[in-house]
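Understanding the architecture of this molecule
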Amino acid sequence: MIARIEGILVELAPTRIIVDVHGVGYEIHVPLSTFTQLPDLGEPVSLYTFTHAPEGSLQLFGFSSRAERIAFDLLLCANRVGPRLAQTILSGISPSALLAALRNGDVGVLRSAPGVGAKLAERIMVELRDRTGELAIAVAEGAPEPVPGDLSVPTDAGSVEDQTLSALVNLGYPKAQAERALAGAVKHSGESPTLEDLVRGSLKMLVRS
């Protein structure tokens, strides 16, 4: 199992990156929360990783903090939650918010993630609410995260909006809902928003909806 990767960030998209480690490029799927913490292209990056090997293939999922990795592992303990859905959940729910939701029985927080209906949210709650010990420790410790890079490299505004919308749709949000959230994020982000601005803003809108 590959538990951690450190290398040079050579490709960057909201839900997928490539890290070069001594000439070998590793494709890593990341939640949007980790995406917003990544450095610039060409800079060193260090991520906690989870190795998923279905039917002989190999997929890596990466996280900017130990708490995110533990939250991901915890979500996988619930029936019918696979790596892709766990990635989607963590894109809109932080480890601390997940911990609070499980402790307080707040099913609504879980239902805010695309692909999580009422029955699945209840199942996750029942199956995980008594298994939050390790996550609580990680959240309390506040494990160090990589320093965010400057994602404000001049980019065509339309392209930035398209990338944000594509990321939200790929995570499972209905296109109409993603478009409304993006429109709200653009409205509140001021002039020349960066990709990070729109990703963060859209996620806030989606959590509120």
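Structure first, text after, so check above.
Residues numbered from 1 in each chain as written. Predicted model: local features only at pLDDT ≥ 70, side-chain atom pairs only at ≥ 80, totals over all residues. Heavy atoms only, no water.

Points about the pattern of salt bridges
Short version of the rule: Salt bridges are identified by distance alone: a Lys or Arg side-chain nitrogen within 4 Å of an Asp or Glu carboxyl oxygen. Counting from the N terminus, the helices are DSSP H or I runs at least four residues long and the strands are E runs at least two residues long. Here the term buried applies to any residue with accessible area under 20% of the maximum for its type, exposed to any over 50%, and partly exposed to those in between, with areas from a 1.4 Å probe on protein chains only.
Under the counting rule described, the total for this entry stands at six salt bridges. The salt bridge involving glutamate 6 is made with arginine 4; its shortest N-O contact spans 3.5 Å. Ionic pairing is found between glutamate 27 and arginine 16, a salt bridge with its closest N-O pair at 2.5 Å. Of the two residues, glutamate 27 is situated in strand S3 (residues 24-29) and arginine 16 in strand S2 (residues 16-21); the sequence distance between them amounts to eleven residues. Exposure remark for glutamate 27: the relative accessible area of 39% places this residue in the partly exposed category.

Things to note about the sheet that holds strand S1 (residues 4-13)
Rules: Between any two strands, pairing holds if DSSP finds at least two bridges. Axes here refer to lines fitted to C-alpha atoms; in helices the fit is confined to the stretch in contact. Angles between the N-to-C directions go from 0 to 180 degrees.
The five strands lie next to each other as S1-S2-S3-S5-S4, forming a closed barrel whose pairing is mixed. Here the average twist between neighbouring strands, direction ignored, is 55°. Here two bridges tie S3 to strand S5 (residues 59-63), and the two strands are oriented parallel to one another. Bridge pairing in S5 links isoleucine 28 to leucine 60.

Let's talk about the nonpolar core
Defined as follows: Residues grouped as a nonpolar core are buried Ala, Val, Leu, Ile, Met, Phe, Trp, Tyr and Cys residues, joined through side-chain atoms within 4.5 Å.
In this structure, Leu75, Val81, Ile89, Leu98, Val116 and Ile124 are the most contacted members of the largest nonpolar core, which totals 31 residues. When residues of this core are traced back to their parent elements, those giving at least two are S5, helix H2 (66-76), helix H3 (83-92), helix H4 (95-104), helix H5 (107-111), helix H6 (118-128) and helix H7 (133-141). Looking at this core element by element, the count peaks at six residues for H2. In terms of nonpolar packing, the next biggest core, distinct from the first, is built from 28 residues, Leu9, Leu32, Val45 and Leu168 among them.

Topic: the side chain of threonine 49
Note the threshold: Counted as a polar contact is a pair of N or O atoms within 3.5 Å, where, for protein atoms, one must be capable of donating a hydrogen and the other of accepting one, and residues adjacent in sequence contribute only when both atoms are in side chains. Contacts: residue pairs with any heavy atoms within 4.5 Å of one another.
Among the secondary structure elements, threonine 49 is positioned in strand S4 (residues 44-52). For threonine 49, the side chain forms a polar contact with the main-chain nitrogen of arginine 4, separated by 3.1 Å. If we skip the residues at most four places from it in the chain, threonine 49 touches Ile2, Ala3, Arg4, Ile5, Phe61, Gly62 and Arg69.

Things to note about the pairing of S5
When you tally the buried positions in S5, you get four out of five residues, the bulk of the element. Two elements, S4 and S5, share five bridges in a ladder whose sense is antiparallel. Looking at S5, one finds that threonine 51 is bridged to leucine 60. In textbook terms, the turn of a hairpin is the stretch between consecutive antiparallel strands, and for S4 and S5 this stretch comprises six residues, one of which, glutamate 55, has a positive phi near 50°.

Some points on the packing of H2 against H3
Cut-off, in case you're wondering: Each angle is binned into one of four classes, with values under 35 degrees roughly parallel, values over 145 roughly antiparallel, values of 65 to 115 roughly perpendicular, and all other values oblique. We call a crossing left-handed when the near helix sits turned anticlockwise from the far one by less than a right angle, and right-handed when that turn is clockwise. Each residue is assigned to one class: nonpolar for Ala, Val, Leu, Ile, Met, Phe, Trp, Tyr, Cys and Pro, charged for Asp, Glu, Lys and Arg, and polar for all the others, Gly among them.
Following both chains from N to C, one finds H2 and H3 inclined at 130°, their axes separated by 9 Å at the closest point. Between H2 and H3, the interaxial angle falls into the category oblique. Here H2 and H3 pass one another in a crossing that is right-handed. Along its contact with H2, which presents Glu68, Ala71, Phe72, Leu75 and Leu76, the element H3 presents Pro83, Ala86, Gln87, Ile89 and Leu90. Of the residues in the contact of H2 with H3, the class split is eight nonpolar, one polar and one charged.

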